[in-house]
Amino acid sequence: MEKFLTVDDLKVHFPTPDGVVKATDGLSFGLDRGKTLGIVGESGSGKSVSSSAILGLHRGTSARVSGSIRLDGTDLLAISNQEMRRLRGKDVAMIFQDPLSALHPYYSVGNQIAEAYRVHHAVSRKEARTRVVDMLARVGIPQPDRRYDAYPHQFSGGMRQRAMIAMSLINDPSLIIADEPTTALDVTVQAQILDLLQDLQNEFNTAVIIITHDLGVVAEMADDVLVMYAGRAVEYGPVTEVLTHPEMPYTWGLLSSVPDVTADTSKRMVPIPGNPPSLLNPPPGCPFNPRCVHRHKVPGDLCRTELPALIPGNRGEDHLKRCHLSNPEMIYETEVVPQFDPALAEER
Ligand SMILES: Nc1ncnc2c1ncn2[C@@H]1O[C@H](COP(=O)(O)OP(=O)(O)OP(=O)(O)O)[C@@H](O)[C@H]1O
Ligand code: SF4
Ligand SMILES: [Mg+2]
């Protein structure tokens, strides 16, 4: 059965004077209501560009978008701009990293959320206010009736993020895309916001895509994880499976940089040695090959000549990986895990 959200062979290409930037190059995934997909990958791997395509944010730009994005059976790449505007903010909402960029400084927080509601509902200002005050209370803003009239700069960072979550939820969206929603917040507030998001998701049965650099957040929040590298999925499957039995050296690199993915969400990804490839001229073969310390284990020069397909690994149909290694489990257990933090290695 088709998932609530089904993305198939999505490509977002930007023509530039130097050539075509393939920011998203054949991405496929699915997500059901009430479930969370975590998308991880280094800066520039195409996380935001891919999720912006779901909201139709590349429309009217020079970007070339192809493939299909189906939400509850509707092809989002085929609908009119008007239909897309109706959908945006109502059925699909976005939570950005920096709420100040989404909240206008000149209008009170409450009025902005009320406007977002009134765009999609024929209600009076008073009715909208009642609804917004209720939502501000739901996201944990104290004295919501008074805070309604405050301006964004009068809110703390955590409160602004709560206000933005209130704005994104005001129309009961069925899909929320949260792009680095807690990166700018301190650890305690981050945990509160993530808890809040999870509570509201359970209440409204929302599908959530959470984009993050933080594998701790993925371990805590997500049901499935999609690891992106150079515009493509390189590993994809259930979180419990991918984080405990990863089969792709890039995922190993991400994991080795986090001391304990299950315990501490404060740890950020330490960059893997080397640089992400240019999306204008990605290296031939596996795009990770210039940085991969395991490529000599693949016979011939396959890693440098042939792009691996995204195929099921050895542990089941729902765990996909893009790598030529034939025995990744053994390499992971005998070579990679021993290099982890000793406490973590012992736990495994
Ligand atoms: N309008 C554009 N024209 C050309 N290239 C673009 C455009 N928008 C994005 N890109 C490129 O697409 C690639 C993917 O960008 P994207 O913002 O999706 O990365 P990201 O994975 O979200 O990174 P970060 O973690 O830093 O947010 C980057 O190399 C970026 O420079
Ligand atoms: S295909 Fe080769 S270069 Fe790419 S991750 Fe696997 S071993 Fe490394
Ligand atoms: Mg981004």
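Data block above holds the structure.
No experiment lies behind these values; they were computed from the predicted model shown. (Residues numbered from 1 in each chain as written. Chains lettered and ligands numbered in written order. Predicted model: local features only at pLDDT ≥ 70, side-chain atom pairs only at ≥ 80, totals over all residues.)

Let's talk about the site of ligand 1
In the vicinity of ligand 1 there are 13 residues, among which Ala23, Ser43, Lys47, Ser48 and Val49 approach most closely. A total of three residues in the shell around ligand 1 trace back to one element, the largest contributor, which is helix α1 (residues 47–54). Within the shell around ligand 1, the residues separate by chemical class into five nonpolar, seven polar and one charged. (Near = placed C-beta within 6 Å. Helix = DSSP H or I, 4+ residues; strand = E, 2+ residues; numbered from the N terminus. Nonpolar A, V, L, I, M, F, W, Y, C, P; charged D, E, K, R; others polar.)

Some details on the packing of helix α4 (residues 109–118) against helix α7 (residues 157–169)
Running from amino to carboxyl end, α4 crosses α7 at an angle of 20 degrees, the nearest separation of the two axes being 9 Å. Compared by their axis directions, α4 and α7 come out roughly parallel. In this structure, α4 crosses over α7, and the sense of that crossing is right-handed. The residues of α7 that touch α4, namely those facing Val109, Gln112, Ile113 and Ala116, are Ala163, Ala166 and Met167. (Axes fitted to C-alpha atoms, helices over the stretch in contact; angles between N-to-C directions. Parallel < 35°, antiparallel > 145°, perpendicular 65-115°, else oblique. Left-handed = near helix turned anticlockwise from the far one by under 90°. Contact = placed C-beta atoms within 7 Å.)

What about the site of ligand 2?
Taken together, 14 residues lie around ligand 2, and Cys286, Asn289, Cys292, Cys303 and Cys323 are the ones closest in. Taken together, the residues that form the shell around ligand 2 break down as 10 nonpolar, three polar and one charged.

Focus on the sheet that holds strand β5 (residues 74–75)
Strand order in the open sheet made by the four strands is β2-β1-β4-β5, with antiparallel pairing throughout. Each edge of the sheet is formed by a strand with only one pairing partner; in this case those strands are β2 (19–31) and β5. In the sheet, strand β1 (residues 5–16) pairs with strand β4 (residues 64–71) via seven bridges, with the strands oriented antiparallel. Looking across to β4, one finds that valine 7 is bridged to isoleucine 69. (Pairing = 2+ DSSP bridges.)

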